[in-house]
Amino acid sequence: MKKILSVSLILACCFSAVAGNKNILPYKDASLPVEERVEDLLSRMTLDEKIAQLNQYSLGSNDNVNNNGEMVKVLPPEIGSLLYTADDAVSRNAMQKRAMEETRLGIPILFGYDTVHGYRTIYPIPLAQGASWNPDLAGEACRVAAQESYDVGIDWTFSPMVDVARDPRWGRVAEGYGEDPYLTSVFGASAVKAYQGDDMSEPGNIAACLKHYVGYGASEAGRDYVYTEISRQSLWSTYLPPFEAGVKAGAATLMSSFNDISGTPGSANHYTMTEILKEMWGHDGFVVGDWHAVKQLVTQGMAPDDATAVEYAINAGLDMDMTDNLYMPHLASLVESGRVSVDRIDDAVRRILRIKFRLGLFEHPYVEEKPENERILLPESLDVARRLAEETFVLLKNEEDVLPLKPGQKVALIGPMAKSQKDLLGSWHGRGLAEDVVSIFDGLSEVLTEAPAYAAGCGFEGDDRSGFDEAVKTASEADVVVLCLGERYSWSGENASRSTIALPEIQEDLLKAVKAAGKPVVVLLSNGRALDLTRISPLADAVLEIWQPGIMGGPAVASVLTGKTNPSGRLTVTFPYTTGQIPIYYCQRHPARDGSQGRYQDIPSTPMYEFGYGLSYTSYDYGTLTVSADSFTVNDTVTARVAVTNAGDMDGKETVQWYVCDPYSTITRPVKELKHFEKKLIPAGESCTFEFEIDPMRDLSYVNWKGERILEPGDYYIIVKDQKVCITLE
Ligand code: GLC
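Thresholds applied
Residues numbered from 1 in each chain as written. Predicted model: local features only at pLDDT ≥ 70, side-chain atom pairs only at ≥ 80, totals over all residues. Heavy atoms only, no water. Helix = DSSP H or I, 4+ residues; strand = E, 2+ residues; numbered from the N terminus. Buried < 20%, exposed > 50% of the residue type's maximum accessible area, 1.4 Å probe, protein only. Contact = heavy atoms within 4.5 Å. Lys, Arg positive; Asp, Glu negative; His and termini not counted. Charge placed at Lys NZ, Arg CZ, Asp CG, Glu CD. Pairing = 2+ DSSP bridges. Axes fitted to C-alpha atoms, helices over the stretch in contact; angles between N-to-C directions. Parallel < 35°, antiparallel > 145°, perpendicular 65-115°, else oblique. Left-handed = near helix turned anticlockwise from the far one by under 90°. Nonpolar A, V, L, I, M, F, W, Y, C, P; charged D, E, K, R; others polar. Phe/Tyr/Trp six-rings, centres within 6.5 Å; stacked < 30°, edge-to-face > 60°. Salt bridge = Lys/Arg side-chain N within 4 Å of Asp/Glu carboxyl O. Patch = residues over 30% accessible without salt bridge, like charges linked within 9 Å, V, L, I, M, F, W, Y side chains within 5 Å. Areas by Shrake-Rupley, 256 points an atom, 1.4 Å probe, with all protein chains shown as cover. Polar contact = N/O pair within 3.5 Å; in protein donor to acceptor, adjacent residues only side chain to side chain. Core = buried A, V, L, I, M, F, W, Y, C linked by side-chain atoms within 4.5 Å. Expected span 1.5 Å × (residues − 1). pLDDT = per-residue confidence, 0-100.

### Remarks on the overall build of the protein chain
Okay, so step 1: What the protein chain contains, in helices and strands, is 20 helices and 28 strands.
Okay, so step 2: Principal axes of the C-alpha set define a box for the protein chain whose edges measure 85 × 70 × 60 Å.
Okay, so step 3: Burial analysis of the protein chain (730 residues in total) assigns 59% to the buried set.
Okay, so step 4: Sequence separation of at least 24 residues holds for 77% of the intrachain contacts in the protein chain that already meet a minimum separation of 6.
Okay, so step 5: Of the side chains in the protein chain, 67 bear a positive and 102 a negative charge, and the two mean positions are spaced by 2 Å.

### Brief notes about the sheet that holds strand β4 (residues 156-157)
Okay, so step 1: The strand order across the open sheet formed by five strands is β4-β3-β2-β1-β11, and the pairing between neighbours is parallel. Bordering the open sheet on either side are β4 and β11 (321-322), each of which pairs with just one other strand.
Okay, so step 2: Relative to β4, strand β3 (residues 110-113) runs parallel, the two sharing two bridges. Note that in β4 the partner of Gly 112 across the bridge is Trp 156.

### Details of unusual backbone geometry
Okay, so step 1: Note that the residue after Ser 159, namely Pro 160, is joined by a cis bond; omega there is 10°.
Okay, so step 2: As for its placement among the helices and strands, Pro 160 is situated in the loop between β4 and α7 (181-196).
Okay, so step 3: With an omega of 0°, the peptide bond between Ile 582 and Pro 583 qualifies as cis.
Okay, so step 4: Within the secondary structure, Pro 583 sits in the loop between α19 (553-561) and β18 (620-622).
Okay, so step 5: The phi dihedral of Ser 262 is positive, around 50°, even though this residue is not glycine.
Okay, so step 6: On the secondary structure map, Ser 262 appears in the loop between β8 (260-261) and β9 (264-265).
Okay, so step 7: According to the relative accessible area criterion, Ser 262 is partly exposed, its value standing at 31%.

### Digging into the side chain of Thr 574
Okay, so step 1: Here Thr 574 is to be found in the loop between α19 and β18.
Okay, so step 2: Residue classification places Thr 574 among the buried positions, given a relative accessible area of 6%.
Okay, so step 3: Dropping the residues within four chain positions of it, Thr 574 is found in contact with Glu 179, Ala 530, Ile 584, Tyr 585, Tyr 586, Pro 607, Tyr 609 and Phe 611.

### Side note on the packing of α7 against helix α9 (residues 241-248)
The description of two helices packed together rests on the angle between their axes and the distance between the axes.
Okay, so step 1: Between α7 and α9, whose axes approach to 8 Å, the crossing angle comes to 25°. As summarised for this structure, α7 and α9 are arranged roughly parallel, according to the angle between their axes. Like other packed secondary-structure pairs, α7 and α9 cross with a definite hand, here right-handed. Every residue of α9 that contacts α7 at Pro 181, Thr 184, Ser 185, Ala 189 and Val 192 is listed here: Pro 241, Pro 242, Ala 245 and Gly 246.
Okay, so step 2: Each residue belonging to the contact of α7 with α9 can be placed in one class, and the counts come to six nonpolar, three polar and no charged.

### Points about the packing of helix α16 (residues 440-447) against α19
Okay, so step 1: Put simply, α16 and α19 touch, their axes get as near as 7 Å, and they point 50° apart. Relative to α19, the element α16 lies oblique. You can see that α16 and α19 cross each other, and the crossing is right-handed. Seen from α16, the contacting residues are Ile 440, Gly 443, Leu 444 and Val 447; seen from α19, they are Gly 554, Pro 555, Val 557, Ala 558 and Leu 561.
Okay, so step 2: Residue classes in the contact of α16 with α19 are distributed as seven nonpolar, two polar and no charged.

### Some points on the packing of aromatic side chains
Okay, so step 1: Within this structure, the stated rule accounts for 23 aromatic pairs.
Okay, so step 2: When the centroid spacing of 5.1 Å and the interplanar angle of 80° are considered together, the rings of Trp 133 and Phe 677 count as edge-to-face. Note that Trp 133 is positioned in the loop between α5 (126-132) and α6 (135-152) and Phe 677 in strand β23 (residues 673-682), a separation of 544 residues in sequence.
Okay, so step 3: Owing to a relative accessible area of 1%, Trp 133 belongs among the buried residues under this scheme.

### A closer look at the sheet that holds strand β27 (residues 714-720)
Okay, so step 1: Strand order in the open sheet formed by five strands is β20-β28-β27-β22-β23, with mixed pairing between adjacent strands. Edge positions in the open sheet fall to β20 (631-632) and β23, since each of these has one partner strand only.

### Some remarks on the pattern of salt bridges
Okay, so step 1: Scanning the entire structure with this criterion turns up 47 salt bridges.
Okay, so step 2: Here Glu 508 ties to Arg 535 by a salt bridge, and the two come within 2.8 Å at their closest N and O atoms. Placement of the pair is Glu 508 in helix α18 (residues 505-515) and Arg 535 in the loop between β16 (521-526) and β17 (542-545), with a sequence separation of 27 residues.
Okay, so step 3: Several salt bridges converge on common partners, so that one network encompasses Glu 140, Asp 383, Arg 386, Arg 387 and Glu 390.

### Quick notes on a negative patch on the surface
Okay, so step 1: Where like charges cluster on the molecular surface, the negative patch consists of Asp 88, Glu 368, Glu 369 and Glu 374.
Okay, so step 2: Here Glu 374 shows up in the loop between α14 (342-358) and α15 (379-392).

### A closer look at the environment of Ser 568
Okay, so step 1: Within the secondary structure, Ser 568 sits in the loop between α19 and β18.
Okay, so step 2: Residue Ser 568 is classed as buried on the basis of its relative accessible area of 3%.
Okay, so step 3: Residues Ser 568 and Ala 218, 350 residues apart in the sequence, show an inter-C-alpha distance of 29 Å.
Okay, so step 4: Look past the residues within four positions of Ser 568 in its chain and what remains in contact with it is Glu 391, Phe 393, Lys 653 and Lys 679.
Okay, so step 5: In terms of polar contacts, Ser 568 uses its side chain to reach the side chain of Lys 679, at 2.8 Å.

### Overview of the nonpolar core
Okay, so step 1: The biggest cluster of nonpolar side chains holds 149 residues, and the ones touching the most others in it are Tyr 213, Leu 331, Ile 440 and Leu 561.
Okay, so step 2: Setting aside residues no more than four positions away along its own chain, Ile 440 makes contact with Leu 413, Met 417, Ala 418, Leu 424, Cys 484, Leu 524, Ile 546, Gly 554 and Val 557.
Okay, so step 3: In terms of nonpolar packing, the next biggest core, distinct from the first, is built from 38 residues, Ala 128, Ala 174, Ala 478 and Phe 575 among them.

### Digging into helix α10 (residues 270-280)
Okay, so step 1: For α10, every residue scored as buried is listed here: Tyr 271, Thr 272, Met 273, Thr 274, Ile 276, Leu 277 and Lys 278.
Okay, so step 2: Capping of α10 at its N-terminal end is provided by Asn 269; its side-chain oxygen lies 3.2 Å from the backbone amide nitrogen of Tyr 271.
Okay, so step 3: Positive backbone phi, at 70°, marks Gly 282, one or two positions downstream of α10.

### Quick notes on the pairing of β17
Looking along a regular strand, one sees side chains alternate from face to face of the sheet.
Okay, so step 1: Across the two faces of β17 the burial is the same, with Ala 542 and Leu 544 and Val 543 and Glu 545 all buried.
Okay, so step 2: One ladder, built from four bridges, connects strand β12 (residues 394-398) with β17; its direction is antiparallel. Looking at the pairing, Lys 397 lines up with Val 543 of β17.
Okay, so step 3: By the bridge criterion, four bridges tie β16 to β17 in an arrangement that is parallel. Across the sheet, residue Val 522 finds its bridge partner in β17, namely Ala 542.

### Describing α7
Okay, so step 1: In a regular helix each residue adds 1.5 Å, so 16 residues correspond to 22 Å; α7 covers 22 Å between its end C-alpha atoms and thus fits that length.
Okay, so step 2: Judged by how many residues are buried, α7 sits mostly within the fold: 13 of 16 residues are covered.
Okay, so step 3: Two residues or fewer past α7, Gly 197 is found with a positive phi of approximately 65°.

### Things to note about the confidence of the model for the protein chain
Okay, so step 1: Mean pLDDT over the protein chain stands at 95; residues scoring 70 or higher make up 95%.
Okay, so step 2: Every residue in residues 1-19 scores below 50 in pLDDT, and together they form five contacts with partners more than four places removed in sequence or on other chains.

### Side note on the pairing of strand β22 (residues 652-661)
Okay, so step 1: Among the ten residues that make up β22, nine are buried, leaving the element largely enclosed by the rest of the structure.
Okay, so step 2: In the sheet, β22 pairs with β23 via nine bridges, with the strands oriented antiparallel. Bridge assignment links Glu 654 to a residue of β23, and that residue is Lys 680.
Okay, so step 3: Relative to β27, β22 is paired through three bridges, and the arrangement is antiparallel.

Spelled out as structure tokens, the structure:
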């Protein structure tokens, strides 16, 4: 009997588990499918409770000085989300406790934050990460960021930023992966998967947020918050692909953009937020507006008043209002007046609840309050940050192999960036602290037998040249000069547009003065955008672009300068010859006339350094590019191959970049488009074969202005370096 009883008891438990535990409300029953729980909870909510879920509050300003929210004195515990800026989980748990215990339904709050390139362990800015051409390694860094964020009580990061940008005057180029839609797609998808893991409800995983949806990178003349002229064709072929890739990677949320998309701001754009994202792509998460983006619809001349701005935003598909505090006061009356339907409110609430359930917040609303030394700046996290920084550096010039530095050389380390810590963090550095950063000086001092002789020379800008003499003296007494120039961390990022991409004149003058000392000069550049190097590169014997490398910048620089690490970075943004060439990017259309016609009459029309460029301490010989077939049908796969030999005496990582060119098509296509890349370590003297499995529909087609993918028969060129092979689609 006992045995039978136990079997029936087990069956009863299973039955109750399968059908839901009858003792608790369905939405609180984790054994039920998420959709059932969403519908059950939604059915229990009042209109006010639903509207509360559509609001994200902040506790005042966030990390961006120009974003100051009103200090909300008392946070209603029914709110959907809180922009969380505390340094530990204590206040998060306290706030969450109010939501779970003081509200009628106990709906957990979603805590969001800008973990953009690290939370406290700050790794290289995304523009640098792209230059590593190593999305897996960038993903490792995002895993660190997710864990540090999770441990402090953050459930949701406003990252990755996947805005394709081709105007380096725009400060936010620093936050994306560069000018190419495909590379941006690969890195964006890697970040999403790294943040969210396979199951968002697992500890250490956080929800991702693709931003800024869409076309923000096309900001007119590089200014911020402005109009963007984007044709439907450009929308589909340039700006949407990284978002589509991120959605396919499972991104839980997107953030609508500030910019006016050819007359309809991103935050009131039904075509992008509903027709494309939710209807064509089937995204079932939610869209949060950017900071005050709803309120800004009035400023942008879209809405006459706040209530109409709310009406336009929610009806266009903006599900959650970030810190405007406008949905709360206006939505109920808009529903009552019929300007907003209950169905639209329910759809938005459903989407937000769905993500909260998927995050497991109902089951584990609180976060373990770990001591700081168990959750931030862990050794393994620092190792990831260093390895990633090393792979982001791009060697732009290296005359006479002045790099790597030779053992025993007396090094002069000069320039405003040499001892800077905060500037190596870059913009949007989360809770990163300058004191965490190992400076270039400290990094080099750690590895050189004799610490470098140091002279600041000058500041980042201004006219004070009083330090030049000492700098020149320091240079003259050394065997080689490492001159550290670049941008302050605040010169890029949000609201950081610049009319010129040249460095301040005083930095260029310092280079001239130091060069006159007659010693080899290695210029290190730390910056958040492509720069005008026309007066810098010619005077330098070597130029190493280190971007804003994060807290392990110093050790990474030391490793590359001394040759312990062979630089492997490649540019993902074009470095124009000068500001006057902007916009200039590799995947431009063919001009109507070749040759010299139509070119600038006063400066070169080619860039200083092109997309994909970067040198190494070794050299790579490319074998003959081959294809498995030179004619094929849409159902075939064609394999392109090339063998690469490391012809030098130093191991190195080489990235083979595979481009496609469609020489003629119903709509004009770029001169070439990146469609695949792979980075591999090739030991000195050895060879590796790289392959590109060409899927015609994926790799050779284009998307037209209606979002339809079009593949046309005819010739296509597969391009690697200076080789190209023609393949013909029957
Ligand atoms: C900012 C930025 C956005 C950020 C948000 C929250 O204005 O545009 O990237 O995630 O506000 O801080």
